[in-house]
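# Summary of the model geometry
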Amino acid sequence: MILEHKGIQINYNVQGEGDAIVLLHGFLENSSMWDSLIPEIIKKHQTISIDLLGHGKTGCLGYIHSMELMAEAIEAVLAFLKIEQAVFIGHSMGGYVALAFAEKNPDAIIGLCLMNSTFEADDEDRKLLRTRANKMVKTNFKNMVRMSFTNLFSNESKIRFKKEIEVGINQALKTPLQGYMACNEGMKIRKNKEHFFKSLPTKKLIIIGTKDPVVEVDIIKKKLINSDVEIIEFPGGHMSHIENTKELTYNLMHFIEK
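Rules behind the numbers
Residues numbered from 1 in each chain as written. Predicted model: local features only at pLDDT ≥ 70, side-chain atom pairs only at ≥ 80, totals over all residues. Heavy atoms only, no water. Helix = DSSP H or I, 4+ residues; strand = E, 2+ residues; numbered from the N terminus. Rg over C-alpha atoms; globule rule 2.2 N^0.38 Å. Buried < 20%, exposed > 50% of the residue type's maximum accessible area, 1.4 Å probe, protein only. Contact = heavy atoms within 4.5 Å. Areas by Shrake-Rupley, 256 points an atom, 1.4 Å probe, with all protein chains shown as cover. Lys, Arg positive; Asp, Glu negative; His and termini not counted. Charge placed at Lys NZ, Arg CZ, Asp CG, Glu CD. Salt bridge = Lys/Arg side-chain N within 4 Å of Asp/Glu carboxyl O. 1 Å grid on protein atoms, 1.4 Å probe; cavity = no way out; pocket = protein on both sides within 12 Å on 5 of 7 lines; lining within 4 Å. Points joined across faces, edges and corners; volume = space filled by probe spheres on them. Nonpolar A, V, L, I, M, F, W, Y, C, P; charged D, E, K, R; others polar.

## Let's talk about the overall build of the protein chain
- Counting its secondary structure elements, the protein chain contains twelve helices and eight strands.
- Taken against the 2.2 N^0.38 rule, which gives 18 Å for 258 residues, the C-alpha radius of gyration of the protein chain at 17 Å falls within 12% of a compact globule.
- With the C-alpha coordinates of the protein chain rotated into their principal frame, the extents come out at 45 × 40 × 35 Å.
- Buried residues in the protein chain amount to 55% of all 258 residues.
- For the protein chain, contacts bridging at least 24 residues in sequence account for 76% of all contacts bridging at least 6.
- Accessible surface for the protein chain amounts to roughly 11900 Å². Of this, 52% is attributable to carbon and sulfur atoms.
- The average position of the 32 basic charges and that of the 32 acidic charges among the side chains of the protein chain differ by 5 Å.

## What to know about the pattern of salt bridges
- For the coordinates displayed, the defined rule picks out 17 salt bridges.
- A salt bridge links E72 to K6; the shortest N-O distance between them is 2.6 Å. You can see E72 sitting in helix α2 (residues 67-80) and its partner K6 sitting in the loop between β1 (2-5) and β2 (8-15), a full 66 residues away along the chain.
- A relative accessible area of 51% places K6 in the exposed class.
- When the shortest N-O distance is used, the salt bridge between D228 and K204 registers 2.9 Å. Pair noted here: D228 is in the loop between α10 (217-223) and β8 (230-234) and K204 is in strand β7 (residues 204-209), with a separation of 24 residues, a long-range link.

## Describing empty space enclosed by the protein
- Here the structure, examined in full by the defined rule, presents three cavities of 30 Å³ or more.
- Broken down by secondary-structure element, the contributors of at least two residues to the lining of the largest cavity are α2 and α3 (93-104).
- Among the residues making up the lining of the largest cavity, the classes are represented as four nonpolar, one polar and five charged.
- By volume, the second largest cavity is sized at about 40 Å³.
- Around the second largest cavity, the lining residues are M33, W34, S36, L37, H241, T245, L248 and T249.
- Grouping the constituent residues of the lining of the second largest cavity by class yields four nonpolar, four polar and no charged.

Written out as structure tokens, the structure is:
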């Protein structure tokens, strides 16, 4: 389905009936990443999976896709669908977007899951990596996308899920250069939302991979001590929907029904 928004098209999919579950993919992904999970959710609920700015079949809005700008696109879709409240599940960058949406629309959130994601801002090293990646991708797009996507997996998973990784890379290569760069710039400038996330008065879940090369697992766990945020750990990297499909599905369904 297509929605016109600020002169571009936003691609989204609606399946099932019942309470709304909003699914937000990560960097170099699109709404197809949820294909293994949606059949289980729509047994009792409605899913809304959205291609974020510069990804999938959704267009770009300039050269910096801030998390707030992407959250506005989510607002437009949900307003069009007349959905006032939902459970949000965001993978990686999708979690950052979900936090930006929640900060502006706290009453719309009846559950928030950060899946292989964080409330932390980029540190200086991560910002530098993003800047370097945006320089390199201009002349070596395919190799940069392949490397960026593959490095999200643990070493064991790179071997075990070689076929699935190739499928994911083929999807990632559909991301336009502008989309790659604009989202990297947007992630680089995002703010720390630790206090907001911890104080949000709804059910909250963080799913982390113990070998995640992107999320600082020990820091996240330390900062959530004595909070009401549930933490679930999987023995994998950054891509739990591929590395831990069955366990992820079970735990997300439990969170949704909680």
